[in-house]
Each structure stands twice: as structure tokens, then as C-alpha cells.
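Structural features, examined
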Amino acid sequence: MSRLLHTGQVIVDLVMALNTLPATGGDVLAKSASFEAGGGFNVMAAARRNGLPVVYLGRHGNGRFGDLARAAMQAEGIEMALAASDGKDTGLCVSLTEATTERTFISHIGAEGELSAEDLANVVPHPDDYVYVSGYSLLLEGKAQPLIDWLLALPRQIVVVFDPGPLVKAPESALMRALLPRIDIWTSNGPEALAFTGAANIAAALPALNQYLPAETLLVVRDGPNGCWVGRAGQIEHVPGFKVQAVDSNGAGDAHAGVFIAGLAAGLKPAAAAQRANAAAALAVTRWGPATSPGTAEVDALLTE
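Thresholds applied
- Residues numbered from 1 in each chain as written.
- Predicted model: local features only at pLDDT ≥ 70, side-chain atom pairs only at ≥ 80, totals over all residues.
- Heavy atoms only, no water.
- Helix = DSSP H or I, 4+ residues; strand = E, 2+ residues; numbered from the N terminus.
- Rg over C-alpha atoms; globule rule 2.2 N^0.38 Å.
- Buried < 20%, exposed > 50% of the residue type's maximum accessible area, 1.4 Å probe, protein only.
- Contact = heavy atoms within 4.5 Å.
- Areas by Shrake-Rupley, 256 points an atom, 1.4 Å probe, with all protein chains shown as cover.
- Lys, Arg positive; Asp, Glu negative; His and termini not counted.
- Charge placed at Lys NZ, Arg CZ, Asp CG, Glu CD.
- Arc of directions from axis to C-beta.
- Polar contact = N/O pair within 3.5 Å; in protein donor to acceptor, adjacent residues only side chain to side chain.
- Expected span 1.5 Å × (residues − 1).
- Pairing = 2+ DSSP bridges.
- Axes fitted to C-alpha atoms, helices over the stretch in contact; angles between N-to-C directions.
- UniProt positions renumbered as here; feature names shortened; annotations may be inferred.

By the naming in an unreviewed UniProt entry, the chain is Sugar kinase, taken from Pseudomonas grimontii.

This is the structure:
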């Protein structure tokens, strides 16, 4: 059976809801605050809740945040490939959600920011596994090169999924040039695709992405409530979204990515997997918090409405 092998970073989110961000030097009262597992956990939880076995390949710290992250992964049935790292705790992200549902993040990297060749040496991927790569990992000096080396040595039949995230904006970097030919699935939101390609809109970004990626790479570009665009070079189609009342967009893209991969692993065609992913993202934005992906039954219910 296929698995999702996640190479990104599980961190802990301090999630706070507020009307609007204060000006520099200002102060506001939050409506709520809680500590939640976040980062790469969101994608893994979404995939796991939709029937796909998941293994976390990253590090996790030895401390209060590491304990919280491990407890969340254990509760979801996510396997951890590595033991807790000594000497460092798991990192923290302050996640601020305004009344408009816009999010602002401030992150501090902990034990999850490092990964060695030795850490990865004992990982034995199956031929039908999906390996998930976060763009954040490429920014981490203690992780990026060993991860790239490991990815490039994987058998070709193993599917590599790349999520650039909001900080990867340089396709010409040495690490990106090495990784681009190995990407089998690209998943991002519209602004990330625009930042990566320099295109003015999604219609222009889709063919621009094809200039950087192999022709057979499956593209998934999310367009908020409008749904997403999915397909390969010359055969990209729009899959409509679902109209809901959004309260928090945090984690919606992660829900989309995890459910999309779970759909592919279950044998669905890309457009059908994207429809399920759109439904999951729509439900996720109606809930507060980062890991708000619904499970299979809830996705099925929305699709049959």
C-alpha cells in the first residue's frame, strides 16, 4: 500500500485570532490563543484522515513542544522514523489570523531544522510511495543538501511531491536547479506560483511553470474559493471550488495537498482527486486552527450535497 513520506518540518503553532494586526510598537488583545501542532503536521494529518498511511522523516525535539508534536502525530496514527533529538526542542510558529481570515506567521526553527544523511540512510521507500518535500526545507542549512542528495538517489518510480511554500522564489538557485528535474507533482497556491515564475496571473504562471519542470510533472495550483488548476503540460483543467463561509484560511492549502495525494494513492484521476481536495480545503476554512482537514466521510458528504 502507498504511503506518504513527509520530509518537511513539524513545529508547534501558537495560534491567535484577532481583529487586525497592531501597528509597529502597538498592542492588541487576541480573541483566542492555543498551542497546536502545525507545519508539516497539517499535510500529514489531512492525508492520514483520508486513508493514507504516513511516515514523518523529519526530526522532533526533546522538550515541551516536541512532546506536543509527538502526541499530535501519535493521535493521528502518523509513524515517526526518528527518535527525539537531544539538546533541542521542536520549533515554534506564532500564527496570527485576522478577522479577514488573512494569516501572518513568525517562526523559530528548532530540532526539525536539521536532517543528516545518516538520518535518511535507514529509510526504505516503497515503489508506490509519495515523498513530500517542503520548500522551507531548502532554506535550512542543516538539512537542505542531505535531503536533496537523498531525493536524487531515489528510484525513479517513487513520486516526489514539491510544495514551494511562500519563501521559495528563486528557481535559479543551485538547490532548486538540482531538484526541479526530480519533481513529479507541484502543489502550491496561486501567489506562490506567481512568485516563483514572475507571472502576472495564474493563466500565465501555469505555462511558465512548465518551462522549469519536466513535461510529465503534474501541476496543482490552488486558486482560493475558485478551486484549483490541475494537469500536465497542455492538458490543464480548472476544477471548481465550493462556496462556504470562511473563518480561518490557516491550513487550507495543507488540507488540499494531503487529501489530493490521498486521492491519487487511492487510484483517482487527478481531476477527481482535486475535487476531493477542493472539498477538504473548503471545509477546513470553516474551522479555526491549522490542522483542520476533514476526514473521508465529511469530504464524501460535501461532494454529495
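Moving on from the model shown.
A short note on the overall build of the chain
For the chain, the count of helices and strands is 10 helices and 13 strands. Compactness check: the chain gives a C-alpha radius of gyration of 18 Å against a globular reference of 19 Å for 305 residues, within 12% of the reference. If one aligns the C-alpha atoms of the chain with their principal axes, the spans along those axes are about 50 × 45 × 40 Å. Looking at the chain as a whole, 52% of its 305 residues are labelled buried. Summarising the internal contacts of the chain: among those between residues at least 6 apart in sequence, 69% fall at separations of at least 24. Surface exposure of the chain reaches about 13,100 Å², of which carbon and sulfur atoms provide 55%. Taken as two groups, the 20 positive and 30 negative side-chain charges of the chain have centres that lie 3 Å from each other.

Let's talk about helix H6 (residues 190-197)
Along H6, the residues that are buried comprise Gly190, Glu192, Ala193, Phe196 and Thr197. The arc enclosing the buried residues of H6, seen along the axis, measures out at 165 degrees, which places them on a common side. Against the buried residues of H6 lie strand E9 (159-163), helix H5 (174-179), strand E10 (185-189), helix H7 (202-212) and strand E11 (218-222). A side-chain oxygen of the first residue of H6 lies 2.8 Å from the backbone nitrogen of Glu192; this N-cap is Asn189. Gly198 lies just past H6 and shows a positive phi near 80 degrees.

A word on helix H9 (residues 270-284)
The first and last C-alpha atoms of H9 sit 20 Å apart over 15 residues, in line with the 21 Å expected at 1.5 Å per residue. The buried count for H9 comes to 11 of 15 residues, which makes it a mostly enclosed element. For H9, every residue scored as buried is listed here: Ala273, Ala274, Arg276, Ala277, Asn278, Ala279, Ala280, Ala281, Ala282, Leu283 and Ala284. Those residues of H9 that are buried lie in contact with strand E12 (228-232), strand E13 (235-239), helix H8 (252-265) and helix H10 (296-304).

Digging into the sheet that holds strand E7 (residues 103-108)
Ordered by their spatial adjacency, four strands build an open sheet running E3-E2-E6-E7, and the pairing between neighbours is mixed. Strands at the two margins of the open sheet, each flanked by one partner only, are strand E3 (32-39) and E7. Sheet twist, expressed as the mean angle between neighbouring strand axes with direction ignored, is 25 degrees. Bridge count for strand E2 (residues 10-17) against strand E6 (residues 92-97) is six bridges, and the pairing is parallel. Paired with Met16 across the two strands is Leu96, which belongs to E6. Contacts between helix H2 (residues 64-76) and the sheet are confined to E2, E3 and E6, with E3 contributing the most and set at about 70 degrees to the helix.

Examining the UniProt feature "domain: Carbohydrate kinase PfkB" (unreviewed entry) in the chain
With numbering aligned to this structure, UniProt lists the feature "domain: Carbohydrate kinase PfkB" (unreviewed entry) at residues 3-293. A distance of 18 Å separates the end C-alpha atoms of residues 3-293, which is 31% helix and 23% strand.

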